[in-house]
Amino acid sequence: MAAIEPTIPRAGATGNIKATREDWLNLALETLISDGVERVRVLTLGQQLDVSRSSFYWYFKSRQDLLDQLLDHWRQTNTRFIVERAGRPSATVVRGVMSIFECWVDERLFDPRLDFAIRAWARRSPATRRALDEADDERVNAIRDMFMRHGYDEEDAFVRARVLYFMQIGYYSLELNETMSSRLTHVAAYLRSFTGVDPSPEDVADFSRYVETTLSGKR
């Protein structure tokens with residue numbers, strides 16, 4: 001977790017197990033993703049870590065403080081990397097889109113399970129809904145700006161950005177059972193559809209190499 005830093009361990013309830021701030025945050029994140037925000041409870045997390053509730057208060061002011069830090073972690077990973085990739089200098093618009101595609105390949109850059117946990121949370125929390133809307137706008141605007149840097153007018157750039165971004169979010173939402181190798185067979189057509197420009201064979205080959213390198217590094 002990129003936004004989560006370890007702290008000095010302190011003794012737990014039994015005296016045999018120690019839990020760090022990072023332990024609490026990691027377990028809370030796993031619980032948010034697997035079970036939803038309602039299951040992110042201090043007592044439940046403490047029981048799983050085998051530490052007392054007082055251990056929690058070494059690191060956090062309250063449950064809300066913990067939830068706020070989980071939300072900040074999501075911003076600092078899923079949103080930050082899309083914005084960063086969209087802002088990278090690129091020789092062509094195709095290469096610009098390829099940089100954004102990296103987020104859809106590497107879950108260290110964009111974790112779809114975390115994104116949908118936040119979206120589920122937003123259905124019951126107005127504050128989280130506002131944070132989610134702001135993040136969606138920030139992501140789309142970053143992609144729009146990338147298109148505009150390559151000469152698209154603002155309206156065209158905005159619509160292309162929305163199509164690119166929301167198509168991918170919909171892809172995750174539908175949980176399509178498609179292998180990466182299968183998706184790669186369509187990468188040239190995707191690039192052409194999003195940009196209106198034919199990618200070169202070198203573009204497609206470079207992206208295929210990126211995918212292969214990324215996936216092999218995760219095995």
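What comes next is a walk through the structure. (Residues numbered from 1 in each chain as written. Predicted model: local features only at pLDDT ≥ 70, side-chain atom pairs only at ≥ 80, totals over all residues. Heavy atoms only, no water.)

Here we look at the pattern of salt bridges
Move 1: On inspection of all chains with the given rule, the structure shows 18 salt bridges.
Move 2: Two residues, Arg144 and Asp145, come together in a salt bridge whose shortest N-O distance is 2.9 Å.
Move 3: Asp145 gets classed as partly exposed once you look at its relative accessible area, which sits at 32%.
Move 4: We note a salt bridge from Asp198 to Arg192, for which the minimum N-O separation is 3.3 Å.
Move 5: Look at the salt bridges and you will find they share partners, linking Glu84, Arg85, Arg88 and Glu102 into a network. (Salt bridge = Lys/Arg side-chain N within 4 Å of Asp/Glu carboxyl O. Buried < 20%, exposed > 50% of the residue type's maximum accessible area, 1.4 Å probe, protein only.)

Here's the deal with the nonpolar core
Here is a general trend for soluble globular proteins: nonpolar side chains tend to be buried in one another's company.
Move 1: Among the nonpolar cores identified, the biggest contains 31 residues, and Val97, Phe101, Trp104, Ile143, Phe147 and Leu164 are the most heavily contacted of them.
Move 2: Elements supplying a minimum of two residues to this core: helix 4 (63–86), helix 5 (93–105), helix 7 (126–149), helix 8 (154–174), helix 10 (187–195) and helix 11 (201–217).
Move 3: Take this core: its biggest share by element is 9 residues, from helix 5.
Move 4: With residues near it in sequence (within four places) discarded, Val97 still touches Met146, Phe147, Leu164, Leu191, Phe194 and Thr195. (Core = buried A, V, L, I, M, F, W, Y, C linked by side-chain atoms within 4.5 Å. Helix = DSSP H or I, 4+ residues; strand = E, 2+ residues; numbered from the N terminus. Contact = heavy atoms within 4.5 Å.)

Here we look at the packing of aromatic side chains
Move 1: Applying the stated criterion across every chain yields a total of 13 aromatic pairs.
Move 2: Consider the rings of Phe101 and Phe194, whose centres lie 6.0 Å apart with planes at 75°: the pair is edge-to-face. Here Phe101 is found in helix 5, whereas its partner Phe194 is found in helix 10, with 93 residues between them in sequence.
Move 3: Of the residues examined, Phe194 reaches a relative accessible area of 7% and is grouped as buried.
Move 4: Pairing Phe101 with Phe207 gives two aromatic rings, centres 5.7 Å apart and planes at 65°, and the pair type is edge-to-face. (Phe/Tyr/Trp six-rings, centres within 6.5 Å; stacked < 30°, edge-to-face > 60°.)

As for helix 10
Move 1: For helix 10, every residue scored as buried is listed here: Val187, Leu191, Phe194 and Thr195. The arc enclosing the buried residues of helix 10, seen along the axis, measures out at 85°, which places them on a common side.
Move 2: If you follow the buried residues of helix 10, they end up packed against helix 5, helix 7, helix 8, helix 9 (180–184) and helix 11.
Move 3: Phi for Gly196, located one or two positions after helix 10, is positive at around 75°. (Arc of directions from axis to C-beta.)

What about helix 6 (residues 112–122)?
Move 1: Across the 11 residues that make up helix 6, a large majority, 8, are buried.
Move 2: The complete set of buried residues in helix 6 reads Pro112, Leu114, Asp115, Ala117, Ile118, Arg119, Trp121 and Ala122.
Move 3: If you follow the buried residues of helix 6, they end up packed against helix 1 (21–35), helix 4, helix 7 and helix 8.
Move 4: Where helix 6 begins, the side chain of Asp111 points an oxygen toward the backbone nitrogen of Arg113, at a separation of 3.0 Å. (Polar contact = N/O pair within 3.5 Å; in protein donor to acceptor, adjacent residues only side chain to side chain.)

Quick look at unusual backbone geometry
Move 1: In this structure, Asp50 is a non-glycine residue whose phi angle is positive, near 60°.
Move 2: On the basis of relative accessibility, which here comes to 33%, the residue Asp50 falls in the partly exposed class.

Brief notes about the environment of Arg39
Move 1: Mapped onto the secondary structure, Arg39 falls in the loop between helix 1 and helix 2 (42–49).
Move 2: Once the C-alpha coordinates of Arg39 and Val204 are considered, the two residues, 165 residues apart in sequence, prove to be 43 Å apart.
Move 3: Once residues within four sequence positions are removed from consideration, Arg39 is found in contact with Thr31 and Thr44.

Regarding the side chain of Ser99
Move 1: Within the secondary structure, Ser99 is located in helix 5.
Move 2: The class for Ser99 is buried, based on a relative accessible area of 11%.

Section: the packing of helix 5 against helix 11
Geometry of a packed helix pair, given as the angle between the helix axes and the separation of the axes.
Move 1: As a packed pair, helix 5 and helix 11 sit with axes 11 Å apart at the nearest point and diverge in direction by 20°. Classed by the angle they form, the pair helix 5 and helix 11 counts as roughly parallel. The handedness of the crossing between helix 5 and helix 11 comes out as right-handed. Within the contact between the two elements, helix 5 uses Val94, Arg95, Met98, Phe101, Glu102 and Val105 and helix 11 uses Glu202, Asp203, Asp206, Phe207, Tyr210, Val211, Thr214 and Leu215.
Move 2: Each residue belonging to the contact of helix 5 with helix 11 can be placed in one class, and the counts come to 8 nonpolar, 1 polar and 5 charged. (Axes fitted to C-alpha atoms, helices over the stretch in contact; angles between N-to-C directions. Parallel < 35°, antiparallel > 145°, perpendicular 65-115°, else oblique. Left-handed = near helix turned anticlockwise from the far one by under 90°. Nonpolar A, V, L, I, M, F, W, Y, C, P; charged D, E, K, R; others polar.)

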